Amino acid sequence: MNRVVAAVLGVLRGLLVPTLSIICGFAVAGVAVYLSNADPIEAFTALFQGAFILHNALPETLVAAVPYIFLGLAVATGFKAGLFNIGADGQFYVGALAGVYCGYSIQGLPAVIHIPIALGAGVLVGGAYGVIPGVLKARFGAHEVITTIMLNHIAYGLSEFLINGGPMRDPHASAPRTPFITPDAQLPILLPDSRLHLGLVLALLAVPLIWFLIERTVIGFRLRAVGLNPVAARAAGISVGWTIVLVMGISGGLAGLAGSDEVLGLAHFMPPSFSIGYGLDAIAVALVAKSNPWAVLPSALLFGALRHGAAFMQFQTQVSADLISVVEATVIIFVAAPALVRWLFRIRERSAVPASFAAQEGV
Amino acid sequence: MGSALELRGIVKTFGAVRANDGVDLAVEWGQVHALLGENGAGKSTLMNVLYGLVRPDAGQILLDGSPVRIAGPDDAIRRGIGMVHQHFMLIPVLTVAENVVLGHEESRQGVLDAAAARRDVDQLSARYGLEVPPGTLVRDLSVGLQQRVEILKALYRGARLLILDEPTAVLTPQEIERLFEIVRGLKAEGKAVIFITHKLGEVMAIADQITVMRRGKVVATTVPGETSPADLASKMVGRPVLLRVEKGPAHPAGVVLRLDGLSVNDERGQPAVRDVSLEVRAGEILGVAGVSGNGQSELVEAVIGLRPVVAGRIELQGKDVTHSSTHRRLEHLSHIPADRHRMGAILEMPIFDNVVMETFDRRPFARGLIRMLDPVRRFAARVIKEFDIRAESPDEPMGSLSGGNQQKVVVGRELSTEPAVLLAAEPTRGVDVGSIEFIHRQLIRRRDAGLGVLLVSSELDEVLSLSDRVAVIYRGRIVAVLDSEEADRDRVGLLMAGAA
């Protein structure tokens, strides 16, 4: 029983800083709204209505949250192993390309086979795209931040090439885009008269799965050990290189799944410029969630709500939808600087003992 | 000489723990005051109170006879209190002089006056016989010299009362002797020195006054003339302690680890281990004595498989493992790393994860890819009990344990896999007396049960008291292998210095 209470208290304590960071984010954004001669209360009310209250708002917010869940898990998994996967956006892209290709090129398969193939293709291609920076790091020590940024640009260029005039362009369409996927590759709609698709269920399943992978499997132990102390991990016989490659593969696979899920569930085709910077938002999602798979869920929902609610806010109050970028950025800054939040709200650390000393003396 | 510092009735509690429970301490100018106690006795808390890092719940601090409130480290420094931390706070890529003046620089129109800094540091260094080259980069200095830079830093900031926190933990016997000379020089200049340690021999050698702490309280205040190491040890631990390791003769059997002409390079590609041939037999402890930095860490890393072998062979139980992975070797080999924070443990993880660092993927701790946490927890609870680890539960984070208990977790983990060979590198570094005694007894017990132990330690006393045979390493070469009867302190000491 005590353990349960302690666990609950631990969770609440963990929520404190992210929650306060979000409040700070809105406060700063509110100031920005006020300075641009609008009413912050009105703007945020509209944002909230747009995200949750209006007709079809909640399903649309959930639709927007689905890729964030996959991508947030992708980035969080990397974080757990000490890897900064900036490349989620590129992996998302190639996953979407693979998904849409399988979606339109394969004909005459029943949905129960076609959909898993198309989604699986996204996982595999995204995973393979994640493995590249993993190998570069494990084998040659190339920093994954640099290589994944570069690979993002390669992915954008690749989709540009394939769709603009290349082999994936629909010859019958006037604008450059891929052909539409076949109806049996489309993800089923969960709620009539909405765009809410099966992807939400998959995303909700991915959360406990990734939690289990990280916390309860041998692979998860290796990746946490490598993330926390690679030297000790190596001394314990864990292959740091293989672990890095594997983690980047898993992370890329999740991002690739986000991409294929998005084309199969929502767009049903792919224009040359597809993403709206999901990969970067995903870093924010994972940071606010402090890399905890469960926490990715509310975090992704928040970012989905911001994305979706912003349009109505702009329509209703003429406050630019870009305001949510201010909220996002501020939240990230506060999450990244917990000391700042603690100081603002006068929260005391759990003990007054300096950390280094506590470890030394064990009191 | 008058009273430099007086602490009266200092109380500090952290949660349920009374780290300091009415501590009195009086330090005189021109004296060395040894503060003796095991890890967790409250020494560091007391010093953090004095240094302004921790605010006491009750009690008084008197400097030069007048009560003061110390607001923080800056305030402490202004009042002439200097602290040399166990873990140095130096910037490796800056020179000695730059490190010393950092934060208190002299400048000309905002430009650092490097010449003045170097001159000041040189003068100070000469005055106290520290002999540190001011223009050298700190990263190129030995540990002993780096420590002197820390002392210089404190003196440069005007310290009159110097706190040395476990200053000998990382030093060689020769460096310790030099440190003692420096401390005597400081004394002669009228400075007061608080010398925190758990090493009894050092206390007897250097202290004018001795205060012994146990569980947050002062249990004895004495002078070296009126006490003995055994007396101090029993006061510190609270029960009589065997300072000498009791062991019977070894009954060595077949060779379990053979190194044949082993050569290994260091990080910079320079030869660190040269043509080393050694044999460890089952049921014996082969000690490697040497001043640290003579190739010991490279030797250990090569045997464990973390460092490539340039030439030679490593055989484990008759099998060539020269190019095997660490994972493969760990099936028959256990390893107590010299640096447990860096290599031996993951402080953020709970104890139960730390005890299965090498076995987490084997039965019964995993089935396929799924970890079985119940067996892991049970195993951890067993290790905690068997190795007398002071922890509330297996779920406690490793980082919240004291150094001695962390080391016991590592030792417990390494011995519980029933290895054929144990590679023990500095197995008791930074560990309290009670834990040292315990770990030594465990090593002997396992030796008697047929374990082959390669013990690498820079504590000469440890090597001499535990080993059945002693190999001396100097500049990467084994210069002698002696039976324990012929290995006396003087002879080994000379070999360690390369003088034989």
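Scope of this entry: the structure provided in the associated data block. (Residues numbered from 1 in each chain as written. Chains lettered and ligands numbered in written order. Predicted model: local features only at pLDDT ≥ 70, side-chain atom pairs only at ≥ 80, totals over all residues.)

1. Comments concerning the overall build of chain B
Each helix and strand counted, chain B has 17 helices and 24 strands in total. The C-alpha atoms of chain B give a radius of gyration of 24 Å, which matches the 23 Å a tight globule of 500 residues would have. When the backbone C-alpha atoms are referred to their principal axes, chain B occupies close to 70 × 50 × 45 Å. The buried share of chain B, reckoned over its 500 residues, is 48%. Long-range contacts, defined as pairs at least 24 residues apart, comprise 68% of the intrachain contacts of chain B with a sequence gap of at least 6. (Helix = DSSP H or I, 4+ residues; strand = E, 2+ residues; numbered from the N terminus. Rg over C-alpha atoms; globule rule 2.2 N^0.38 Å. Buried ≥ 20, exposed ≤ 12 C-beta atoms within 10 Å, placed from the backbone. Contact = placed C-beta atoms within 7 Å.)

2. Notes on the sheet that holds strand 15 (residues 285–289) of chain B
Residue and element names in this part refer to chain B. Reading across the sheet, the 6 strands line up as 18-21-22-15-23-24 and stay open at both edges, with mixed pairing between neighbours. Every other strand in the sheet has two partners, leaving strand 18 (333–336) and strand 24 (477–483) as the edge strands with one partner each. Each adjacent strand pair in this sheet contributes to an overall mean axis angle of 15°, direction not counted. Two strands pair when backbone bridges link them, and strand 15 and strand 23 (residues 469–474) are joined in this way by 4 bridges, in the parallel orientation. Note on strand 23: the bridge partner recorded for Gly287 is Val470. Its contacts with the sheet place helix 14 (residues 403–415) against strand 18 and strand 21 (421–425), and it is angled at close to 175° to strand 18. (Pairing = 2+ DSSP bridges. Axes fitted to C-alpha atoms, helices over the stretch in contact; angles between N-to-C directions.)

3. Structural notes on the nonpolar core
If you look at the biggest cluster of nonpolar residues, it comprises 256 residues, and the most contacted ones within it are Ile69(A), Phe70(A), Leu71(A) and Val285(A). With residues near it in sequence (within four places) discarded, Val285(A) still touches Tyr68(A), Leu71(A), Gly72(A), Val296(A), Ser299(A), Ala300(A) and Phe303(A). (Core = buried A, V, L, I, M, F, W, Y, C linked by C-beta atoms within 7 Å.)

4. A closer look at the interface of chain A and chain B
Counting residues at the interface gives 25 residues for chain A, matched by 40 residues for chain B. Secondary structure elements with two or more residues in the side of chain A that touches chain B: helix 8 (218–228), helix 9 (230–235) and helix 15 (355–361) of chain A. Its residues placed into classes, the side of chain A that touches chain B shows 16 nonpolar, 6 polar and 3 charged. (Nonpolar A, V, L, I, M, F, W, Y, C, P; charged D, E, K, R; others polar.)

5. Remarks on helix 3 (residues 57–80) of chain A
Residues and elements named next belong to chain A. Over its 24 residues, helix 3 extends 33 Å from the first C-alpha to the last, a length consistent with the 34 Å expected when each residue adds 1.5 Å. Of all the bends in helix 3, the largest measures some 30° and sits at Ala65, one to four residues before the proline Pro67. The element helix 3 is largely enclosed, with a buried count of 21 among its 24 residues. Residue Gly82 follows helix 3 closely and has a positive phi angle near 75°. (Expected span 1.5 Å × (residues − 1). Bend = angle between axes of the 7 residues up to and from the residue.)

6. Focus: helix 5 (residues 111–140) of chain A
With 30 residues, helix 5 of chain A ought to run about 44 Å at 1.5 Å a step, and its terminal C-alpha atoms sit 43 Å apart, in line with that. Just beyond helix 5 of chain A, the residue with positive phi is Gly141(A), at close to 75°.

7. Description of the packing of helix 5 of chain A against helix 6 (residues 144–164) of chain A
Residues and elements named next belong to chain A. Contact geometry for helix 5 and helix 6: axes closest at 9 Å, N-to-C directions at 145°. For the crossing formed where helix 5 meets helix 6, the hand is right-handed. The residues of helix 6 that touch helix 5, namely those facing Tyr129, Ile132, Pro133, Leu136 and Lys137, are Glu144, Thr147, Thr148 and Leu151. Split into classes, the residues belonging to the contact of helix 5 with helix 6 amount to 5 nonpolar, 2 polar and 2 charged. (Left-handed = near helix turned anticlockwise from the far one by under 90°.)

8. Describing the environment of Pro419(B)
Residue and element names in this part refer to chain B. Among the structural elements, Pro419 can be located in the loop between helix 14 and strand 21. Looking at Pro419, the number of C-beta atoms within 10 Å reads 21, which means it is buried. Considered as a pair, Pro419 and His335 are 84 residues apart in the sequence and their alpha carbons are 9.6 Å apart. Once residues lying within four places of it in the same chain are set aside, the contact partners of Pro419 are His332, Leu333, Ser334 and Leu451.

9. A word on the pairing of strand 2 (residues 17–28) of chain B
Residues and elements named next belong to chain B. Examined bridge by bridge, strand 1 (residues 3–14) and strand 2 share 9 bridges and lie antiparallel to one another. Across the sheet, the residue bridging to Lys12 is Asn20, located in strand 2. Where strand 1 folds back onto strand 2 in an antiparallel hairpin, the turn is made up of 2 residues, including Gly15, whose phi is positive at roughly 60°.

10. Details of unusual backbone geometry
All names here are of chain B. Each neighbour pair has its own omega, and for Arg363 with Pro364 the value is 0°, a cis peptide bond. With respect to the secondary-structure elements, Pro364 resides in the loop between helix 12 (351–354) and strand 19 (366–367). We note that Asp388 has phi near 55°; this positive angle belongs to a residue other than glycine. Among the structural elements, Asp388 can be located in the loop between helix 13 (373–386) and helix 14.

11. A few points about the environment of Ala425(B)
All names here are of chain B. Take Ala425: it is sitting in strand 21. What makes Ala425 buried here is the crowd of 26 C-beta atoms within 10 Å. Between the C-alpha atoms of Ala425 and Val288, which are 137 residues apart in sequence, the distance is 9.4 Å. Sequence-distant contacts of Ala425, defined by excluding residues within four places in its chain, comprise Val300, Ile336, Pro337, Ala338 and Val456.

12. Brief notes about the packing of helix 14 of chain B against helix 15 (residues 433–448) of chain B
Residue and element names in this part refer to chain B. Helix 15 packs onto helix 14 with a crossing angle of 10° between their chain directions and a minimal axis gap of 10 Å. Of the possible angle classes, the one that applies to helix 14 and helix 15 is roughly parallel. Contacts between helix 14 and helix 15 involve Gly404, Gln407, Lys408, Val411 and Leu415 from the first element and Ser435, Phe438, Ile439, Gln442 and Arg446 from the second. Looking at side-chain class alone, the contact of helix 14 with helix 15 contains 4 nonpolar, 4 polar and 2 charged residues. (Parallel < 35°, antiparallel > 145°, perpendicular 65-115°, else oblique.)

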